[in-house]
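Survey of secondary and tertiary structure
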Amino acid sequence: MATTRISRREHQRRRRKLLRMMAPGSLAIVPGAGVFGADGGMASAFRQDSDFWYLSGFAESGAVLALRRGREGRRNGGDKDAAILFCRERNALEELYDGERLGPQRAAKALGLDAAHPLSEMDARMPALVGAASAIHCSLGEHSDFDQRLSGWLAQARAKRLRPADNILGLKPLLHELRLIKSAAEIGLMRRAAEITVEGHLRALRACRPGLLEGNLEAELLYGFLRGGARNTAYPCIVAGGANACVLHYMANDAPLGQDDLVLVDAGCEYERYAADLTRTFPVAGRFSPKQRALYEIVLEAQQAAIAACRPGALFDAPDAAALKVMQDGLVRLGLLLDEQPDGAAAERPAFCPHRTSHWLGLDVHDCSGDRPEDGVRTLAPGMVLTVEPGLYVPPGMKEAPSKWRGMGVRIEDDVLITADRPQVLTSGAPKSVEDIERVMASG
Ligand code: GLY
Ligand code: MN
Ligand code: MN
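Residues numbered from 1 in each chain as written. Chains lettered and ligands numbered in written order. Predicted model: local features only at pLDDT ≥ 70, side-chain atom pairs only at ≥ 80, totals over all residues. Heavy atoms only, no water.

So, about the overall build of the chain. Each helix and strand counted, the chain has twelve helices and 17 strands in total. In terms of C-alpha radius of gyration, the chain reaches 25 Å, essentially the compact-globule figure of 22 Å for 444 residues. For the chain, the spread of C-alpha atoms along the principal axes amounts to about 80 × 60 × 40 Å. Across the 444 residues of the chain, 51% fall into the buried class. Across the chain, every contact between residues at least 6 apart in sequence was considered, and the portion connecting residues at least 24 apart equals 72%. Approximately 20000 Å² of the chain is accessible, and the part contributed by carbon and sulfur atoms is 51%. Averaging the positions of the 56 positive and the 57 negative side-chain charges in the chain gives two centres separated by 7 Å. (Helix = DSSP H or I, 4+ residues; strand = E, 2+ residues; numbered from the N terminus. Rg over C-alpha atoms; globule rule 2.2 N^0.38 Å. Buried < 20%, exposed > 50% of the residue type's maximum accessible area, 1.4 Å probe, protein only. Contact = heavy atoms within 4.5 Å. Areas by Shrake-Rupley, 256 points an atom, 1.4 Å probe, with all protein chains shown as cover. Lys, Arg positive; Asp, Glu negative; His and termini not counted. Charge placed at Lys NZ, Arg CZ, Asp CG, Glu CD.)

Attention shifts here to helix 9 (residues 214–227). Think of an α-helix as turning once every 3.6 residues; residues three or four places apart then point the same way. In this model helix 9 runs 20 Å from its N-terminal to its C-terminal C-alpha over 14 residues, within 8% of the 20 Å that 1.5 Å per residue would give. Every buried residue of helix 9 is accounted for by Glu214, Leu217, Leu221, Gly224 and Phe225. Buried residues of helix 9 fall within an arc of 100° about the axis and therefore sit on the same side. Close packing links the buried residues of helix 9 with helix 8 (184–207), strand 7 (232–233), strand 8 (238–241), strand 9 (262–267), strand 10 (269–271) and strand 12 (278–283). (Expected span 1.5 Å × (residues − 1). Arc of directions from axis to C-beta.)

Here we come to the packing of aromatic side chains. If you walk through the whole model with that rule in mind, you get four aromatic pairs. For the ring pair Phe36 and Phe146, a centre distance of 5.1 Å and an interplane angle of 70° mean the geometry is edge-to-face. Residue Phe36 is found in the loop between strand 1 (27–31) and helix 2 (50–56), and its partner Phe146 is found in helix 6 (residues 144–159); the two are separated by 110 residues along the sequence. Phe36 gets classed as buried once you look at its relative accessible area, which sits at 2%. (Phe/Tyr/Trp six-rings, centres within 6.5 Å; stacked < 30°, edge-to-face > 60°.)

Surrounding the manganese ion (ligand 3) are the protein donor atoms Asp266 (OD), Asp266 (OD), Asp277 (OD) and Glu413 (OE), at 2.1 to 2.5 Å. Considering all six donor atoms around the manganese ion (ligand 3), the spread of angles at the metal, 56 to 169°, places the coordination shape in the irregular class. The sequence motif formed by the donor residues of the manganese ion (ligand 3) is D-x10-D-x135-E. For the pair the manganese ion (ligand 3) and the manganese ion (ligand 2), the metal-to-metal distance amounts to 3.3 Å, and Asp277 bridges them. Residue Asp266 is found in strand 9, and its partner Asp277 is found in the loop between strand 11 (274–275) and strand 12; the two are separated by eleven residues along the sequence. Asp277 matches Asp266 in its accessibility class, with the two residues each being buried. (Donors = N, O, S within 2.8 Å, 3.2 Å for Na, K, Ca; no water. Tetrahedral: all angles 85-135°; square planar, octahedral: opposite > 155°, others 65-115°.)

So, about the pairing of strand 2 (residues 64–68). Strand 2 sits mainly inside the fold: four of its five residues count as buried. Here five bridges tie strand 1 to strand 2, and the two strands are oriented antiparallel to one another. Looking at strand 2, one finds that Ile29 is bridged to Ala66. Here strand 2 pairs with strand 3 (residues 82–87) via five bridges, running antiparallel. What sits directly across from Ala66, in strand 3, is Ile84. (Pairing = 2+ DSSP bridges.)

Even without being a glycine, Arg273 presents a positive backbone phi close to 80°. By the element assignment, Arg273 lies in the loop between strand 10 and strand 11. One non-glycine residue, Cys368, adopts positive backbone phi at about 50°. By the secondary structure assignment, Cys368 is in the loop between helix 11 (318–333) and strand 13 (385–388).

On to the sheet that holds strand 2. The strand order across the open sheet built from six strands is 4-3-2-1-5-6, with neighbouring strands paired in mixed fashion. The outermost strands of the open sheet, each flanked by one partner alone, are strand 4 (115–118) and strand 6 (168–169).

Here the structure, examined in full by the defined rule, presents 36 salt bridges. Arg192 is paired through a salt bridge with Glu195; the nearest N and O atoms lie 2.7 Å apart. Here the residue Arg192 and the residue Glu195 both occupy positions in helix 8, the gap between them amounting to three residues, near one helical turn. One salt bridge in this structure joins Arg411 and Glu389, with 4.0 Å as the shortest N-O distance. Residue Arg411 is found in strand 15 (residues 408–411), and its partner Glu389 is found in the loop between strand 13 and strand 14 (391–394); the two are separated by 22 residues along the sequence. Each of Arg47, Asp51, Glu142, Lys172, Arg179, Lys182, Glu270, Arg273, Asp364 and Asp367 takes part in salt bridges that share partners, so that together they form one network. (Salt bridge = Lys/Arg side-chain N within 4 Å of Asp/Glu carboxyl O.)

Structure below.
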């Protein structure tokens, strides 16, 4: 049965806030996973849709939430706000395989909703709901099945001489404004996700030695995550030795770790549905060479400058700008970049730092990455959580770089909570100064 560490009251508060953002008479339709599109069956683990989860806390597959904003002040029976769930009915045989279901009879009370109906009644009930709506908020284009079903409900509403809204509006632009600011309960879960993730990284750091396979470090990470109470990773682990670190989303994790190489480990667990996202880069044999240390310390200085820029009121882009400045100066010092900026022209992003420094973090690892206004101009506010992950990469084929630097990649990533005061680094337990990394590796 569904469980969550976020209270029923908090879910009710979230739904109320979303309804306040919607126009009177409008309707939001939020499908859970496994109604439209495949639910994966036994072949892959079921993962509830994040928007649905945020609004309901209901973990079962095969459910749809409809939120209707009332038309206050309307005479003759003006309707009220309502949260209506469609979910699967109880079924002894299916529950024998999949475990206990809540069922529509119990769901409304358990989840603090106004009504719950069997999923099998959704097609009969939806035309009246969409037919009365002044606007419909939903995420079109994610599942063609959903888009087609909605068209069918609208057609049926018209056939019944209802006048459904023809303006279909996005849901994410509203909902992700709420998801961006984490509550105290969410921050608690994210702290735990970060702690467990740090434990996994410490295991990998201590176990690392030349001749192991990248996948052997992945085993340490996964052991630490599961041991800590996480059930999943937030994304596939990246364990990239040597030049593999220059492949940003490397996932093969099947190469041996070389004596003279760095290894980049980017891995985070998902705990109670909240993601952590942590990267450390360290020498396979436990001691940085002067060349490795030189590149590493530029990224470290860039990351520290970027974290310092994570202040309320700063632009989302401020940490990226701070990191880029340090990395550009460092690349010039190392002779990898020429010290010439075209007069007045905005500096281009060097090829050595191809990705941006931050993304939002929360229920998804790349959280709230839907169709919202450009993040670059958004200002940071207390309760937001973002990653800070500058990286420098010199791929083996990068002919313009002196050969001694080629085949190296360094990324350092932490999860940062914006507070009214100083930024809080949720993943600060993972060593990252050269001295701390060497000390922990020596103690392994
Ligand atoms: N682990 C994926 C990322 O850092 O964005
Ligand atoms: Mn990241
Ligand atoms: Mn990462």
